[in-house]
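Listed below, chain by chain, are the residues.
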Amino acid sequence: MRFLMIYPNQWATGNKPIGIASLAAVLKQAGHEFRLFDFTQYDLSGGMDDRGLGEVSLEFRQLRNPERLPPRRRVSRQEALDDLLKMIDETSPDMIGLSVLSDDYPFGLQALRSVRQHFRIPTIVGGVHATVDPDGVLREPCVDMVCLGEGEEVLAEVAARVDRGEDLSTVENLWIKTLNGEMIRNHVRPLRQDLDTLPYPDWTIYPDSAFYKPFDGHVYKYGDFEMSRGCPFTCSYCINVELQQIYKGKGNYHREKSVARVIQEIAWFTRHYGIEFIKFWDETFLLMSDERLERLATEYSRTIGIPFAIETISSSVTPRTAKLLKQFGCATASLGLETGNVDLRRGVLDKNIDTAAYEQAYQLLREQGIRGVSFNMIGLPFERRADIFETIRLNVRLKTEAQAVGIFYPYKGTPIRTFCESNGLLDTEFEASLLAQPTEHFMTYTKNVGSVLKLADLTRKELVRLRDFFSYYVVAPEWLWPLIDECGTDRLLSSRLTSIIFRCLYWKKFGEAMDQQTPDDSCHADAIREPVSTHELEQRRGALPVWMRPFLAACETDPTFAEAFVPRIWQLWQLRDVALEEGPAAVDASPGVPVLTGAHEFNQGGRLDSARLNEIRTMMRALAKQDISTQFAQADQSDCEKRG
């Protein structure tokens, strides 16, 4: 069988999805053809991909060797889709697949719709989104089949049957739409328990743009690996809750490759591809026995010795595990902080982790010289602006070195989505409009649409602004926050102010200047001309932090800017002095520029009292325990009866 896979990635660069590479390896091993059309090769976002956004939001350091990044052709979506159609016409595949996450599903669906307008080739959709919403995906006219769950064995069986001209209606994990529009829903097969039996992933299918990615200002050639599959936790916002239920009774959900296989696989790829940096995609890297971690640390440092990045949970970072991570080369660890509001974390997200656990984890990482990154969500159900600033303040307290920020989206198949739907929190019409006709500028649910929820005191536009400037608030002293409030707005001189604040904070965070474009924008203190003696800030120049002196240069060269913002800088600095001399309480009582107190009102003002909070948490846990595998079994029996 000739198989063509579509990967509708439009945002992330430098990643090679392990699932797609594994499918390619299995099909090729069985003698079939596998081609990939990877949209990663194009710049569809106008330069603002994950790297670009990370730089302007202070998550990443500016690149020192950008020339190593493979060029990506900047095209419109339609031009990229035209290239896809051309490839299909030239290769004549027997089947077309789409592997998609929920964020990329709208664009992936747009691609399949375009394909169906020109070709009558059978289509199959797999990946996380298809697994958690098979009915919704299969209802699309351009979709013929859906693969639930892990697809290596499924696709191999489909390919073999296609070659033999056999019927596909009884393939396990496969849901099929018949010619008369009925759906055949087959049950899922047992999970493969021995991951060592899988062939090495096939990286030959990926373009150069899938290999190169920055870390801390340098571009490295990346390798993407997994040591295990399946997360055992049941956070209300995660699709693992439904995946656990789909595979209930089908074997252990969490499975590990042997240490020997992991080391052999990584060694082979680093030798053949010249890999310089590794990303482990295990959802909880440290979810392993002490014996396994020690053996892995010993074998990895002896055989591989390449720096790597991981994701894990705070409770798994102990003095011992942090020391072992450092021993075998961990450069950065990302923890799911989600929110600084304990009530939201425990009640709405059903994530029962104390703030003290985060404090210990980040402190231990810092002691070992491991870069501590936080994953943050904003726009949660019931969340208000003050709650977001509570998350910002927690990042400040924890001294997180980088903050990844996403706007909350209730993914299908999660308990929290069911909760949002049943409580009228979901704007279903807005969400449906995004899926029905994705525009040229629509990227993903969590990147640029704001939120699909109805929030009390946050507009979609303000939510996007807070995401864009989240790290600005973390890096800047709190007395400067009211000035950051002006960044990214439609108000006069906002763009100019944003540029200057960015340069100041970049220097404050990284201890170096951005590439200067104009002398007056430079963050080098010695490159800034002395302000005129009549300047209002002259009195404060000696006390002003060095990293803020670009304000002085900007005010000299731009009278309009000076008129608008010198008084505000002056007031803010006065409030800062009040805070230092008389304490924070005095600032709250001071006139002039308002300073955010950040005191959340989660259980105040009639929002959520303790009884309602417990009710929400109980509901989330009940939703997480729903045995949907029973529903699948009933559907299987019904379809079997229809087929006689």
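What comes next is a walk through the structure. (Residues numbered from 1 in each chain as written. Predicted model: local features only at pLDDT ≥ 70, side-chain atom pairs only at ≥ 80, totals over all residues. Heavy atoms only, no water.)

## Some thoughts on the pattern of salt bridges
Per the stated rule, a full pass over the model turns up 39 salt bridges. For E157, the salt bridge goes to R189, with nearest N and O atoms at 3.1 Å. Of this pair, E157 sits in helix α7 (residues 152-164) while R189 sits in the loop between β9 (183-185) and β10 (212-215), placing them 32 residues apart in sequence. Residue R189 is classed as buried on the basis of its relative accessible area, which comes to 9%. We note a salt bridge from K279 to E311, for which the minimum N-O separation is 3.2 Å. Taken together, the residues K279 in strand β14 (residues 277-280) and E311 in strand β15 (residues 308-312) connect sequence positions 32 residues apart. When sorted by exposure, K279 lands in the same class as E311, which is buried. Overlapping salt bridges, with partners in common, bring together E150, E152, E226, R229 and R255 in one network. (Salt bridge = Lys/Arg side-chain N within 4 Å of Asp/Glu carboxyl O. Helix = DSSP H or I, 4+ residues; strand = E, 2+ residues; numbered from the N terminus. Buried < 20%, exposed > 50% of the residue type's maximum accessible area, 1.4 Å probe, protein only.)

## Some details on the packing of aromatic side chains
As enumerated under the stated definition, the model contains 35 aromatic pairs in all. With centroids separated by 5.6 Å and ring planes inclined at 35°, the aromatic side chains of Y220 and F277 adopt a geometry described as tilted. One end of the pair, Y220, is in strand β11 (residues 218-225); the other, F277, is in strand β14, and 57 residues separate them in sequence. For Y220, a relative accessible area of 24% gives the class partly exposed. Where F225 meets F269, the ring centres are 5.8 Å apart and the plane angle is 65°; that geometry is what we call edge-to-face. In this pair, F225 is assigned in strand β11 and F269 in helix α9 (residues 259-273), connecting sequence segments 44 residues apart. Site record: aromatic cluster; members linked through ring pairs are Y200, W203, F211, F225, W268, F269 and Y273. Its end group placed over the ring of F211, K16 keeps NZ or CZ at 4.5 Å from the ring centre. (Phe/Tyr/Trp six-rings, centres within 6.5 Å; stacked < 30°, edge-to-face > 60°. Lys NZ or Arg CZ within 6 Å of the ring centre and 35° of its normal.)

## Examining the nonpolar core
If you look at the biggest cluster of nonpolar residues, it comprises 73 residues, and the most contacted ones within it are F34, L174, I278, F280, F285 and Y300. Setting aside chain neighbours within four positions, we find F34 in contact with F3, M5, I20, L23, A24, L27, K28 and I205. With 48 residues, the next largest nonpolar core counts V348, M377, L458 and V475 among its residues. (Core = buried A, V, L, I, M, F, W, Y, C linked by side-chain atoms within 4.5 Å. Contact = heavy atoms within 4.5 Å.)

## As for the environment of Y253
Relative to the helices and strands, Y253 resides in the loop between α8 (240-246) and β13 (255-256). Judged by relative accessible area, which is 15%, Y253 ranks as buried. Separated by 62 residues in sequence, Y253 and L191 place their C-alpha atoms 7.4 Å apart. Setting aside residues no more than four positions away along its own chain, Y253 makes contact with L191, R229, G230, C231, N240, L243, Q244 and Y247.

## With respect to unusual backbone geometry
Phi at D216 is positive, roughly 50°, even though this residue is not glycine. Following the sequence through the fold, D216 ends up in the loop between β10 and β11. Residue classification places D216 among the partly exposed residues on the basis of a relative accessible area of 36%.

No statement about biological role is implied by the geometric values presented.
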